[in-house]
Structures are given as structure tokens and as C-alpha cells.
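Residues per chain, in single letters:
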Amino acid sequence: MRALVTGAAGFIGSHLSERLVAEGADVIGLDCFTDYYPRPIKEANLAALRANRRFALVESRIQDADLAALLDGVTHVFHLAAQAGVRKSWGTDFRHYTENNIEATQALLEASVTARLERLVYASSSSVYGDDTPIPMREDHLPHPVSPYGVTKLAAEQLCHLYHANYAVPAVALRFFTVYGPRQRPDMGFYRFLKAALAGQPIHLYGDGSQSRDFTFVADAVSAMVAAGARGTPGRVYNIGGGSRVSVNDVLALVGRLVAKPLDIQREAEQKGDMRDTYADTSLARGDLGYRPTVTLEQGLDAEFRWLSATLATS
Ligand code: UGA
């Protein structure tokens with residue numbers, strides 16, 4: 001395998017790149033280091049990869065890169081580069097979402113038309129569903145996003161479908177359900193809860209904490225990407241969830257046990273763009289990809305806690 005991983009310096013992209021080189025692939029990482037969160041965090045994500053001869057990093061936006069040259073000889077594209085974050089996607093920030101999620105994906109798909117790819121795996125999101133979908137969510141339910149971010153992730157997913165239908169680009173989309181674990185982005189819930197709890201600072205809880213998520217450990221998300229690259233059905237969309245649905249209040253109870261201190265929880269208003277509940281029906285991924293989540297929330301949260309404690313101790 002010779003893979004192009006977009007967003008290789010990010011949370012999931014760095015873990016995926018490490019898995020691919022460990023399995024013997026050559027990996028080109030493409031990342032433009034957007035300033036959504038600090039570059040040193042992304043450099044730390046890349047530290048082991050930079051020392052690996054099988055890995056090469058190209059620093060560029062997708063739209064500005066010489067994609068024909070980058071895709072020459074590439075067998076697999078894993079497209080993770082995106083402007084993430086559901087709650088920040090309103091207002092003037094929306095242009096970052098259209099540029100990095102829709103326009104970048106279209107540029108990559110267009111360049112893939114003449115490339116000789118075995119698979120292009122696109123990292124989509126549970127946020128395409130919105131709040132009208134029955135639970136557990138199935139891929140054939142009508143998506144109706146409640147955040148501008150979700151709209152852009154769905155638009156890019158639809159572009160994958162179009163380029164598959166019209167140009168036979170072998171695109172497979174995975175709808176990830178709230179991925180967590182070591183290297184989680186600093187704007188995400190678990191990172192913010194654990195960091196505040198470790199420092200004895202207030203935890204900002206949006207709403208009453210009864211909202212629920214099908215949290216997915218990053219190694220399971222990576223396994224799903226690898227499996228989709230090997231045997232995903234082109235043109236298909238797959239849900240990738242962690243296998244259990246818990247409320248944010250349940251998560252905070254686990255955080256309290258991990259830090260062994262009382263938490264200072266400050267209630268704030270529900271955030272526009274947040275879904276109420278998510279829960280993946282993963283039957284399709286189980287059947288086609290052999291996908292099985294293997295890490296429980298307790299194990300995964302403990303891994304993120306140990307990583308964050310070590311990271312904060314050295315920073
Ligand atoms: C996450 C990612 O940030 C998105 O990029 C991804 O596309 C999405 O998952 C997905 O599954 O599609 P989200 O579910 O909002 O989005 O993940 P978290 O930031 O970890 O939030 C989880 C829950 O904790 C939400 O209900 C949120 O409102 C709550 N939260 C988060 C708080 O109460 N306080 C905080 O400080 C942060």
C-alpha cells in the first residue's frame with residue numbers, strides 16, 4: 001500500500017498513519033496546519049512519524065497541492081483533513097468549513113478521477129444525522145444536520161457519492177461517532193473535562209448533561225479506516241460507533257473517579273449545533289468491513305486520562 005493521508009497531523013490522522021506504516025505501507029501525510037488549535041500539539045502528534053522512513057509529510061492545503069504528483073503511485077487515499085468542531089461552525093467562521101470540508105474534498109475527488117486508486121476513504125461524521133433520526137441511527141435514514149458543520153460534512157459525503165457514480169472513484173465514507181482517546185483535539189469534551197478536572201478548574205457542562213453519545217475509541221476508528229481501505233464497498237456509507245451510548249453525566253461520573261477528586265461542574269446553556277443523542281447501528285460495517293469495536297468507555301477514557309496527565313506534566 002502507498003497511502004495519502006490528509007490531515008495526518010491531526011488526532012485520528014496521526015494514529016492512522018502510525019498504524020499504516022507499522023503494517024508496512026508507505027505514507028504521504030498532507031496537512032496545512034490550520035490554526036484551529038496550536039501547531040505544537042500537531043507536531044507532538046507527528047513526533048514518532050517524522051522519525052519513520054516510510055512517512056513523508058507535505059505541508060499544504062489540499063486546494064494548493066500538486067495533487068497529480070502526490071497521487072502518482074498512490075493506491076489508497078484516507079481523507080481526514082477538515083475543519084472540525086460542531087459548535088464553532090456558525091457565523092463568519094462558516095467559510096473555514098466550506099473551504100476545508102467541501103472545496104478541499106471536491107479538489108481531492110477531481111484529482112482522483114485520473115489516479116489509479118483502490119480506495120478513497122472519507123471521514124464523515126455522525127453530525128450529518130441531526131435530531132430527527134430514530135435511534136439507533138441507520139445509514140438509510142434521511143440526514144438532517146443541526147449544525148453548519150454537519151451540512152458541510154454531508155455535502156462532502158454527497159460529493160464522494162457523485163464522483164463514484166460518475167467517474168468510478170472508489171470512494172467509501174465512514175460516519176464516525178464522537179471519537180476520543182489519546183491526542184483528542186483540545187476543543188472536544190473529554191479533553192476539556194479531564195484537563196479541567198486535573199487542574200481543579202470548573203468543567204463547563206452544556207445543557208443538563210442528559211444528552212448522549214456513542215463514543216468511539218480512536219483505535220477502533222483507525223481499524224475501521226484500514227478495513228474500509230481493504231474491503232469497503234465503493235459508493236457506500238458506513239456508521240462507525242463505539243458500541244455503547246452514554247450520557248455526558250455518566251462520562252463526568254467516570255472522570256470524577258479517574259481524578260479521584262470532586263468535580264466543579266458549571267452548567268451552561270445548551271449549544272446551538274449540538275445533537276441531542278447519537279447511537280450508531282453498525283450492522284452494515286460489521287457485515288461488510290468485519291468492524292467490531294474493542295475498547296470499552298472505561299478502558300478508553302483511562303487511556304486518554306493517562307495520556308493527558310503525561311502530556312500536561314511535560315508541557
Ligand atoms: C464530535 C467532534 O468534535 C466532531 O468533529 C465530530 O464530527 C462529531 O463528534 C461526530 O461524532 O460527528 P461532539 O459530539 O460535539 O462532536 O463531541 P464532544 O466535543 O466530545 O462533545 C460531547 C458532548 O459533550 C456534547 O454533548 C457537548 O455538548 C458536551 N460538552 C463538550 C460539554 O458539555 N462541555 C464541553 O466543554 C465540551
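Please read these numbers as outputs of a predicted model, since none were measured by experiment.

### Quick look at the overall build of the protein chain
- A tally of helices and strands in the protein chain yields 10 helices and 13 strands.
- Radius of gyration (C-alpha) of the protein chain: 19 Å, near the 20 Å computed for a compact globule of 315 residues.
- Seen through its principal axes, the protein chain has C-alpha atoms that stretch 55 × 45 × 40 Å.
- Considering the protein chain as a whole, with its 315 residues, one finds that 54% of them fall into the buried category.
- The long-range share in the protein chain, meaning contacts at least 24 apart out of those at least 6 apart in sequence, stands at 82%.
- Split by element, the accessible area of the protein chain, about 13,500 Å² in all, is 51% carbon and sulfur.
- Separation of charge centres in the protein chain, based on 32 positive and 35 negative side chains, amounts to 3 Å.

### Section: the pairing of strand β5 (residues 119-125)
- Of all seven residues that make up β5, seven are buried, and the element is covered over most of its length.
- The side-chain alternation of β5 yields two buried faces, one formed by Arg119, Val121, Ala123 and Ser125 and the other by Leu120, Tyr122 and Ser124.
- Two strands pair when backbone bridges link them, and strand β4 (residues 76-79) and β5 are joined in this way by four bridges, in the parallel orientation. What sits directly across from His76, in β5, is Arg119.
- Handedness of the crossover is the feature at issue here: the chain leaves β4, passes through helix α4 (residues 94-112), returns alongside β5, and the resulting connection is right-handed.
- Where β5 lies against strand β6 (residues 171-176), six bridges are found, and the strand directions are parallel. Residue pairing in the sheet places Leu120 in a bridge with Ala171 of β6.
- With helix α5 (residues 148-167) bridging β5 and the parallel β6, this β-α-β connection has right-handed handedness.

### Some points on the site of the ligand
- Not every one of the 23 residues close to the ligand is listed here, only the nearest: Ser125, Ser126, Tyr149, Thr178 and Asp274.
- Between Phe176 and the ligand, the recorded distance is 3.2 Å, taken from a backbone N or O atom to an oxygen atom.
- For the ligand, whose unbound accessible area comes to 700 Å², protein coverage reaches 95%.
- Where the shell around the ligand is concerned, the elements lending two or more residues are α6 (189-199) and β8 (203-206).
- The class makeup of the residues in the shell around the ligand is 10 nonpolar, eight polar and five charged.

### As for the packing of helix α1 (residues 11-22) against helix α7 (residues 218-231)
- Following both chains from N to C, one finds α1 and α7 inclined at 60°, their axes separated by 9 Å at the closest point. Here α1 is positioned oblique relative to α7, judged by the angle of their axes. For the element pair α1 and α7, the recorded crossing hand is right-handed. Here Phe11, Ile12, His15, Leu16, Arg19 and Leu20 of α1 come into contact with α7, specifically with Val218, Ala219, Val222, Ser223, Met225 and Val226.
- Grouping the constituent residues of the contact of α1 with α7 by class yields nine nonpolar, two polar and one charged.

### Some points on the sheet that holds β5
- Taken in spatial order, the seven strands line up as β3-β2-β1-β4-β5-β6-β11 in an open sheet, and their pairing is parallel. Only two strands of the sheet have a single neighbouring strand rather than two, namely β3 (55-59) and β11 (237-240). Ignoring which end each strand starts from, the neighbouring axes of this sheet average 20° apart.
- Relative to β3, strand β2 (residues 26-31) is paired through five bridges, and the arrangement is parallel. Paired with Ile28 across the two strands is Ala56, which belongs to β3.
- In the packing of α1 onto the sheet, the strands contacted are β1 (2-6), β2, β3 and β4, and the crossing angle to β1 comes to about 170°.
- Set on the sheet, α4 makes contact with β1, β4 and β5; between it and β5 the angle comes to about 165°.

### Looking at the layout of surface pockets
- Put simply, the second largest pocket is a space of about 270 Å³.
- In terms of lining, the second largest pocket is formed by 15 residues, of which the most central are Pro40, Ile41, Ala44, Trp307 and Thr311.
- With seven residues, the top contributor of residues to the lining of the second largest pocket is helix α2 (residues 39-50).
- Classifying every residue of the lining of the second largest pocket by side-chain character gives nine nonpolar, four polar and two charged.

### Comments concerning the nonpolar core
- Ranked by internal contacts, the top residues of the largest apolar core, which has 60 residues, are Leu16, Leu20, Phe78, Leu174, Met225 and Leu289.
- With eight residues, α7 is the largest single contributor of residues to this core.
- Non-local contacts of Leu20, meaning those with residues more than four positions away in its chain, are made with Met1, Ala3, Val5, Ala25, Val27, Phe78 and Val226.
- Judged by nonpolar contacts, the second largest core, of 27 residues, contains Ala65, Val74, Ala104 and Ala115.

Conventions and cut-offs
Residues numbered from 1 in each chain as written. Predicted model: local features only at pLDDT ≥ 70, side-chain atom pairs only at ≥ 80, totals over all residues. Heavy atoms only, no water. Helix = DSSP H or I, 4+ residues; strand = E, 2+ residues; numbered from the N terminus. Rg over C-alpha atoms; globule rule 2.2 N^0.38 Å. Buried < 20%, exposed > 50% of the residue type's maximum accessible area, 1.4 Å probe, protein only. Contact = heavy atoms within 4.5 Å. Areas by Shrake-Rupley, 256 points an atom, 1.4 Å probe, with all protein chains shown as cover. Lys, Arg positive; Asp, Glu negative; His and termini not counted. Charge placed at Lys NZ, Arg CZ, Asp CG, Glu CD. Pairing = 2+ DSSP bridges. Right-handed = clockwise from strand over helix to strand, strands pointing away. Near = heavy atom within 4 Å. Polar contact = N/O pair within 3.5 Å; in protein donor to acceptor, adjacent residues only side chain to side chain. Nonpolar A, V, L, I, M, F, W, Y, C, P; charged D, E, K, R; others polar. Axes fitted to C-alpha atoms, helices over the stretch in contact; angles between N-to-C directions. Parallel < 35°, antiparallel > 145°, perpendicular 65-115°, else oblique. Left-handed = near helix turned anticlockwise from the far one by under 90°. 1 Å grid on protein atoms, 1.4 Å probe; cavity = no way out; pocket = protein on both sides within 12 Å on 5 of 7 lines; lining within 4 Å. Points joined across faces, edges and corners; volume = space filled by probe spheres on them. Core = buried A, V, L, I, M, F, W, Y, C linked by side-chain atoms within 4.5 Å.

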